[in-house]
Amino acid sequence: MRLILLGPPGSGKGTQGDLLVGRYGLPRISTGDMLREAASEGSELGIKAKQYMDAGELVPDELVFGIVRERLSRVDAGNGFFLDGFPRNTAQAEELDVVFAEIGHEIEAAVLLDVPREEVLRRLTGRRMCPVCHTAYHMVYHQPANDCVCDHDGAKLSQRDDDSEEVVSERLRVYEEQTKPLVDYYKSRGILVKIDGTGPVEEIFDRITKAL
Ligand code: AMP
């Protein structure tokens, strides 16, 4: 199974991607997670990428292509994967087509999580993450059992640098301008699967698995 998860920031790609991992045993490949990891390690790529991420802009394609190609070539991606956060613009979608042609596979579906802007804003600004295991919480909808620490490892939860209100509105602008055109790109190829991304997490997951 080779899927793309599409949708605005905060639409639940990471959450649903993790549920898909649990169900199908294939990796979720998140360019955002890989770039954040590179930034926290302080690698040359990470330092460059962080400037764009902190501003809510897209990291330049040439920096992202390298990490995506490397990740897709690893053994665990051989039987399939869930791409989260890539492609983000038309150039990336075209690059992905080239990679797929090289590996001799097709993208089976682009799953669009459809969530209204107001809901996305609410979700992102209340979001907190575990810096250790990357579990996502929400200060209203999905609170940790103990104040501000992760249920799994007790690490102190933090807000992503780019989840502040100002950066979130820039990320949404960038989504509308650069990523949303991919909805038509995949629709015209007959592989777009549009899912109502509102409501309880388990119900959304159910909609996805039924549609697939
Ligand atoms: P995400 O975790 O997917 O919301 O991504 C967080 C940030 O990482 C984005 O706002 C971008 O700055 C950067 N990023 C993630 N994926 C990509 C990508 N495919 N192309 C360019 N920048 C990306």
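The rules behind these values
- Residues numbered from 1 in each chain as written.
- Predicted model: local features only at pLDDT ≥ 70, side-chain atom pairs only at ≥ 80, totals over all residues.
- Heavy atoms only, no water.
- Pairing = 2+ DSSP bridges.
- Helix = DSSP H or I, 4+ residues; strand = E, 2+ residues; numbered from the N terminus.
- Axes fitted to C-alpha atoms, helices over the stretch in contact; angles between N-to-C directions.
- Phe/Tyr/Trp six-rings, centres within 6.5 Å; stacked < 30°, edge-to-face > 60°.
- Buried < 20%, exposed > 50% of the residue type's maximum accessible area, 1.4 Å probe, protein only.
- Core = buried A, V, L, I, M, F, W, Y, C linked by side-chain atoms within 4.5 Å.
- Contact = heavy atoms within 4.5 Å.

Enquirer: Outline the sheet that holds strand E7 (residues 192–196), listing residues and values.
Expert: Spatially, E2-E3-E1-E4-E7 is the arrangement adopted by the five strands of the open sheet, whose pairing is parallel. Each edge of the open sheet is held by one strand with a lone partner, namely strand E2 (28–30) and E7. Averaged over all pairs of adjacent strands, the angle between strand axes in this sheet comes to 25°, irrespective of strand direction. With five bridges connecting them, strand E4 (residues 109–114) and E7 associate as parallel partners. Considered in E7, the bridge of Leu113 is made with Ile195.

Enquirer: Would you mind going over the packing of aromatic side chains in detail, with residue names and values included?
Expert: Using the criterion set out here, one finds four aromatic pairs in the structure. Ring plane angle 80° and centroid distance 6.4 Å describe the contact between Phe65 and Phe86, whose orientation is recorded as edge-to-face. On the criterion of sequence distance, the pair formed by Phe65 in helix H4 (residues 61–72) and Phe86 in the loop between strand E3 (81–84) and helix H5 (90–103) is long-range, its members being 21 residues apart. For the residue pair Phe65 and Phe86, the accessibility class agrees, reading buried in each case. Summarising the aromatic geometry, the rings of Tyr185 and Tyr186 are spaced 5.0 Å apart at their centres and angled 85° between planes, so their arrangement reads as edge-to-face. Across this residue pair, the class does not change: Tyr185 and Tyr186 are buried.

Enquirer: Pulling in residues and values, what's your account of the nonpolar core?
Expert: Within the largest apolar cluster, 30 residues are counted, with the highest numbers of intra-cluster contacts made by Ile4, Leu6, Leu96 and Tyr186. Elements supplying a minimum of two residues to this core: strand E1 (2–6), helix H3 (44–55), H4, E3, H5, E4 and helix H8 (181–187). With six residues, the top contributor of residues to this core is H4. Apart from the residues lying within four places of it in its own chain, the contact partners of Leu96 are Ile4, Leu72, Leu83, Phe86, Pro87, Ile107 and Tyr186. Ranked by size, the runner-up nonpolar core spans 13 residues in total, among them Val111, Leu113, Val193 and Ile208.

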